[in-house]
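Coordinates in review
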Amino acid sequence: MRIGIVGPQHPDSFADNLMHCLPDLDVQPVALGTPRMHSQSARLNQLNDLASESVFRWDERQQRRFAERAIEAECDAILSVTARLLPQTVQLIRGAGIPIALWFPDAVSNLGRQLMLAADYSTVYFKDPELVRRLRQQTELSVEYLPEACNPAWHRPSGQGQTTNSVAVVGNMYPSRVRVLDRLLADDIPIALYGSGFPRWMPQRAIHAHHTGRSVTRDEKARVFQQSRAVLNNLHPAENGANCRLFEAAASGAAILCEHREPIADLFDCETEIITYESYADLLVKARRLLADPGFGRTLGAAASHRALSEHTYQHRLRRILTDLV
């Protein structure tokens with residue numbers, strides 16, 4: 001069986017993990033790339049995105065060529081992890097007899113033009129159960145709830161637990177996250193930040209000095225998660241489910257402090273596998289406990305890893321998608 005994957009391919013990206021895990025299910029993954037031209041230059045990509053959204057038929061012409069390439073790849077089905085496919089592109093692929101699904105990896109704030117709701121996908125998978133409920137009540141779309149996942153080949157315990165006495169944060173430095181980090185720093189919580197860094201437009205603040213300057217992926221990311229005394233997963237305000245960092249950190253054996261969202265309780269035990277918090281005061285108390293009690297953190301991490309690797313791998317999710325698609 002050949003399954004085409006649509007999405008940007010870089011280390012530990014959503015598409016990269018799918019490409020890596022599909023062979024475990026006796027499936028040959030086919031990297032179809034993205035529907036828009038992609039350059040090594042971020043500025044050129046930004047200009048192309050701007051042209052695609054503002055110049056009449058620019059995007060349509062690019063995507064028609066993409067659809068033709070996807071059809072020529074002779075896949076049994078296609079799974080996209082980017083919401084940028086135009087309805088016409090999905091129609092061309094379905095018209096060739098190829099089922100195509102979308103696994104949307106973002107919060108509702110990134111629905112944008114809602115292209116996926118105008119397209120005739122075989123199925124659209126969202127990680128937000130409330131969004132799925134609303135769409136089912138109001139539309140006839142084929143929508144399903146499907147949380148994100150971890151890759152057991154990369155996101156796994158390294159055997160070097162809690163060698164760093166700090167709270168790690170891996171991800172984007174958006175303002176609501178930074179405001180929480182500011183408060184933790186003022187309350188003497190040791191912090192180590194990883195990722196692409198702060199936006200250039202963000203005013204300089206004390207927390208900037210705590211960024212390691214490193215982006216971590218795959219095995220290295222797992223080591224950072226497990227070696228830290230705790231991993232903070234404070235969520236985007238628009239996030240109503242679990243982000244991929246939760247599953248990756250859990251599988252890696254991290255002691256996780258995660259901002260509360262109702263769907264998370266169906267994925268992990270929020271006392272014995274991960275620790276959730278609802279307010280800054282609650283977060284501060286629990287962060288101090290993890291910093292003072294590494295044994296407690298190791299017990300949490302071991303339980304979280306067992307749960308994630310037993311129930312929340314990409315292989316688990318992909319089996320369901322393949323059952324639906326082919």
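Up top you'll find the structure we're talking about.
Nothing here was measured: the structure is a model prediction, and the numbers come from that model.

Quick look at the sheet that holds strand β4 (residues 100-104) now. Whether parallel or antiparallel, the strands of a sheet pair through hydrogen bonds between backbone atoms. Across the sheet, 6 strands lie side by side as β2-β1-β3-β4-β5-β6; this open sheet has parallel pairing. Two strands bound the open sheet, and with one partner strand each, they are β2 (28-33) and β6 (143-145). Taken over all neighbouring pairs, the strand axes of this sheet differ in orientation by 25° on average, direction set aside. Where strand β3 (residues 77-80) lies against β4, 3 bridges are found, and the strand directions are parallel. By the bridge assignment, Leu79 is partnered in β4 with Ala101. Where helix α12 (residues 314-325) meets the sheet, it contacts β1 (2-6), β3, β4, β5 (123-126) and β6, and its direction lies at approximately 145° from that of β4.

Now for the packing of helix α1 (residues 14-21) against α12. Remark: α1 packs on α12, axes separated minimally by 10 Å, with the N-to-C direction vectors making an angle of 80°. Classified by the angle between their axes, α1 and α12 sit roughly perpendicular to one another. From α1, Phe14, Asn17, Leu18 and Cys21 reach across to α12, where they touch Tyr314, Gln315 and Leu318. Considering only residue class, the contact of α1 with α12 consists of 5 nonpolar, 2 polar and no charged.

For the rest of this paragraph, the subject is the pairing of β3. Along β3, one buried face is formed by Ala77 and Leu79 and the opposite face, lined by Ile78 and Ser80, is buried too. Across 4 bridges, β1 lies against β3 in parallel orientation. Within β3, the position partnered with Ile5 by the bridge is Leu79. Viewed along the sheet, the connection from β3 through helix α4 (residues 87-95) into β4 turns out right-handed.

About the criteria used
Residues numbered from 1 in each chain as written. Predicted model: local features only at pLDDT ≥ 70, side-chain atom pairs only at ≥ 80, totals over all residues. Heavy atoms only, no water. Pairing = 2+ DSSP bridges. Helix = DSSP H or I, 4+ residues; strand = E, 2+ residues; numbered from the N terminus. Axes fitted to C-alpha atoms, helices over the stretch in contact; angles between N-to-C directions. Contact = heavy atoms within 4.5 Å. Parallel < 35°, antiparallel > 145°, perpendicular 65-115°, else oblique. Nonpolar A, V, L, I, M, F, W, Y, C, P; charged D, E, K, R; others polar. Buried < 20%, exposed > 50% of the residue type's maximum accessible area, 1.4 Å probe, protein only. Right-handed = clockwise from strand over helix to strand, strands pointing away.

Keep in mind these numbers describe shape, not what the thing actually does.
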